[in-house]
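# Results of the structural survey
Here is what each chain is made of, one letter per residue.
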Amino acid sequence: MKAEAYQDAVRTLNTLQTNANYLEMVKRERGDPQTQLEAMKLYLARSGLQVEDLDQLNIIHITGTKGKGSTCAFTERILRSYGLKTGFFSSPHLVQVRERIRINGQPISSELFTKHFWSLYHRLEETKDDSSCVSMPGYFRFLTLMAFHVFLQEKVDLAVVEVGIGGAYDCTNIIRKPVVCGITSLGIDHTGLLGDTMEKIAWQKGGIFKSGVPAFTVPQPDEPLAVLRDRAQQISCPLYLCPPLQALEEGGPPLTLGLEGEHQRSNAALALQLARCWLQQKGYQDAGELKASRPSLPGQLPLAPVFQPTPHMQQGLRHTEWPGRTQLLRRGPLTWYLDGAHTTSSMQACVRWFRQALHRCQRPDSGSEVRVLLFNSTGDRDSAALLKLLQPCQFDYAIFCPNLAEMASTDNADQQNFTVTLDQVLLRCLTHQQHWSRLHEEQASPDPWSTPSREQGGPASLLLAPHPPHTHSASSLIFSCISHALQWITQGRDPVFQPPSPPRALLAHPVADSGAMVLQEAATVHVLVTGSLHLVGGVLKLLDPSLSQ
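Think of each chain on its own: its residues are numbered from 1, step by step along the sequence as written. Side-chain atom pairs in this predicted model are given and counted only at pLDDT of 80 or more, local residue features only at pLDDT of at least 70, and totals for whole chains, interfaces and linings cover all residues. Water and hydrogen atoms play no part in the side-chain values, which are based on all heavy atoms of the structure.

For this document, the term salt bridge refers to a Lys or Arg side-chain nitrogen within 4 Å of an Asp or Glu carboxyl oxygen. Here the structure, examined in full by the defined rule, presents 13 salt bridges. E162 is paired through a salt bridge with K68; the nearest N and O atoms lie 3.9 Å apart. You can see E162 sitting in strand β5 (residues 158–162) and its partner K68 sitting in helix α4 (residues 68–81), a full 94 residues away along the chain. A single salt-bridge network, built from bridges that share partners, covers E249, E262 and R265. Where helices and strands are cited, they refer to DSSP runs of H or I of at least four residues and of E of at least two residues respectively, numbered from the N terminus.

What makes a nonpolar core is a set of buried Ala, Val, Leu, Ile, Met, Phe, Trp, Tyr and Cys residues whose side-chain atoms join them at distances within 4.5 Å. Classification of residues uses two cut-offs on accessible area relative to the type maximum, computed with a 1.4 Å probe and protein chains only: under 20% is buried, over 50% is exposed, and between them is partly exposed. Membership of the largest hydrophobic core comes to 43 residues, with the highest contact counts inside it found for L13, L57, F113, F142, M146, F148 and F151. In this structure, C72, A73, L257 and A271 belong to the second largest nonpolar core, which totals 40 residues.

Our focus in this paragraph is the sheet that holds β5. Strands in a sheet are paired, the pairing made by backbone hydrogen bonds, and the direction either parallel or antiparallel. On the basis of which strands lie adjacent, the open sheet formed by 8 strands has the order β4-β3-β2-β5-β1-β6-β7-β8 and mixed pairing. Either end of the sheet is taken by a strand with one partner, and the two such strands are β4 (106–107) and β8 (239–241). Criterion used throughout: strands pair if DSSP finds at least two bridges between them. Where strand β1 (residues 59–63) and β5 come together, 4 bridges link them in parallel fashion. Paired with I60 across the strands is V160, a residue of β5.

Time to look at the packing of aromatic side chains. Aromatic ring pairs are defined here through the distance separating the ring centres and the angle between the ring planes. Paired rings are identified among Phe, Tyr and Trp, the last through its six-membered ring, by centres lying within 6.5 Å, and are further divided according to the angle between planes into stacked (under 30 degrees), edge-to-face (over 60) and tilted (the rest). Applying the stated criterion across every chain yields a total of 18 aromatic pairs. Centroid distance F479 to W488: 6.1 Å. Interplanar angle 35°. Geometry classified as tilted. This pair shows no difference in class: F479 is buried, exactly as W488 is. Taken together, Y6, F113, F117, W118, Y121 and F142 form an aromatic cluster joined through their ring pairs. Across the ring face of F307, the terminal group of R276 is positioned such that the distance to the ring centre comes to 4.8 Å. Cation placement over rings: the criterion is NZ of Lys or CZ of Arg within 6 Å of the ring centroid and within 35° of the ring normal.

Attention now goes to the state of the cysteines. The definition used for a disulfide is geometric: two cysteine sulfur atoms within 2.5 Å. Inspection of every chain in the model, using the stated rule, returns 0 disulfides. Of the cysteine sulfurs around C181, a residue in no disulfide, the closest is that of C237, at 6.6 Å. By relative accessible area, which is 0% here, C181 ends up buried.

Here the focus is the sheet that holds strand β14 (residues 397–400). Reading across from one edge, β11-β12-β16-β13-β14-β15 is the order of the 6 strands in this open sheet, with mixed pairing throughout. Across the chains shown, the open sheet's two edge strands, defined by having one partner strand only, are β11 (327–331) and β15 (476–478). Between one strand axis and the next, the sheet turns by 20° as a mean value, whatever way the strands run. Of the pairings in the sheet, the one linking β11 to strand β12 (residues 334–338) comprises 5 bridges and is antiparallel in character. In the strand pairing of β12, R331 is matched with L334. Contacts are assigned to residue pairs with any non-hydrogen atoms lying within 4.5 Å of each other. The convention used is that axes are lines fitted to C-alpha atoms, helices contributing only their stretch in contact, and that angles between N-to-C directions extend from 0 to 180 degrees. Here helix α16 (residues 482–490) sits on the sheet and contacts β12, β13 (369–375), β14, β15 and β16 (524–530); the angle it forms with β12, its principal contact strand, is near 140°.

Turning our eyes to something else, we now look at the pairing of β13. In terms of residue burial, β13 counts as a mostly covered element, since 7 of its 7 residues are buried. By the alternation rule, side chains of β13 split into E369, R371, L373 and F375 and V370, V372 and L374, which are all buried. Pairing of β13 with β16, which is carried by 7 bridges, proceeds in the parallel orientation. Among the inter-strand pairings, L374 is bridged to a residue of β16, identified as V529. Looking at chain direction, β13 and β14 are connected through 4 bridges and run parallel. Bridge pairing links L374 to I399 in β14. Place the viewer so that the strands point away; then a crossover is right-handed whenever the path from the first strand over the helix to the second strand goes clockwise. A crossover links β13 with its parallel partner β14, the connecting element being helix α14 (residues 383–390), and its sense is right-handed.

In short, the description is geometric, and any link to function would need to be established separately.
Next comes the structure, spelled out in C-alpha cells:
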C-alpha cells in the first residue's frame, strides 16, 4: 500500500512536466528572467513560506557545468563528518525521484516523500488564482519548493543546494543569503538556454553570486574567469580561486577520495574550501590550520587559503559516494564502468578514467577480453563529438538504446518520460549508430589520446595493449530498451542481473548472434555506460535492484 501511495505521488508529479518541457518553458521565458524568479517567489509564498525563511537553512549554493553534483556530494559528506545534520538537493535522479532530496546523505523515505508531496500539492491547489494561467509549478520548481519544506521541517543544520540549469535564472536562485557559493569547472552545455560561448555561460553561472557572500571557483580559461570576476566585483561578492588539491596535501598525508578519476581532485579542492568557509562563518574552531599563504598576482583573483585538511575533512572525502559518476561494479567476468558524462569536456575526463582503469586491470591469462560501449545522448548535445572522443577506447561492440529501462515501465513512475515517443528515441539511436559507422570508416587517423612514453606500457603511458578493432559491420547494435541491451551484453553471466529469457527477436540479427558467442566465451567483459545520466540510472536500476526498494 505504501509503495502504491508513493508511485501515485510520483505519477502526479510527472504530470507537472518533465525536464524537456521545463527547458522549453525556460527558453520561452528567458527574455524576462525577473518574471521567472518572481513567479518562483509567488509559488513559495503560496506554499506557506517567504524567501526570508530560507535564510535559516544555512545554504551552500553550487553551480557549474562539470562536477557540480560530485562537488555537492563531497561538501555534504565533509560537513556530515562534523556531526552536522545535512540536507542535500540535487538533480537529476538516477533511479527514484526521492534521491533528489536527501537528509544526512540518504534519500528521504517513500513515506516522507509521499507525505510532503501531497501536503505541498494540496496547499498549491487551495491557493491557486483563477486568473492565473499556471496554477501549479513545473516539475523542477515543485521539487525545489518541496526540498525547502522538507529541510525546514526536518531542522537540518545546513542545506547543500545544487543549481538545476545555469544560475542567474534558475529557480533555486530565490535564495537570498547563502552562507557560501561555489562554481565548478565550466564547459559548453544547454547552449539553447545558456548561450553558445563560455563567456555567456560564465555570466549565467555567476548569477548566483550575492553581495558580501564569499564565493569560490576552480581554475577556468581566462575569458570566462574574467566574466566571473567582473560579475563578483559588480555586486561586491568576494570571489576566490581554489589552489589545487596538491597544495593542501603538502606536508600532510595524500588525500584519498571516495570518487574515482583525476578530475575529481578539482571538485574535492572546491568542496574543501566551501566546507571550511561554512564552518568559519558559523563559528566552528576546527576548520583546518592555515599554511603559508601564496600571494595572488596583480589583476588576478585572490587565492583561497591553503590549509591543512582536518581529520573530519579527510574522512568526509574518503567516504564520499555519488552513484553513476566514475562508478565501478565488478560482477563475475563483467566489469561495469558507469559515468553520466554528457558534455565534451566531461567525456574527455570519462575516457581518461576508463582507460586508466583498464590499464590497471590484470589481463586474463587465457581467453579473450571484450570491450562494450553502451551509449545514449539526448537533448541538443553533440553526440557525434561525444562518440568521436570514445573511439580510442577500441570497443569491440557499440550498443545504442533509449533511456528506457524496460519496454513496459508503467509499474515504475520514477522512470516515466512523457515528452518523447519510442519512435523518436529509436531514431535518435539510429543517428548515433550512423555517427559511429562514419567514425569507424575514418579510423585510420592517429589516436589523439596516445600518451608519448619512452617505455610503451610503462607507468606514464595510457596506451593499451594492442586490441584489434572489429569492422563496423560486426560492431554496433540498437536495442529498444536498456533491459534488452543488458540481456545481450551479459548473456546470463552477471550474477545479479538474471532476467527471464530474452525474446527470440533479440538474437535474430547476425551481429547479435555472433556477438553472443564472443561474449559467452570471453574471459573478461568491460562495459562502459555513458552519454546520459538517465541511461546510467536505468542501468543501475536493473543491475542493483536494492536502489528501487
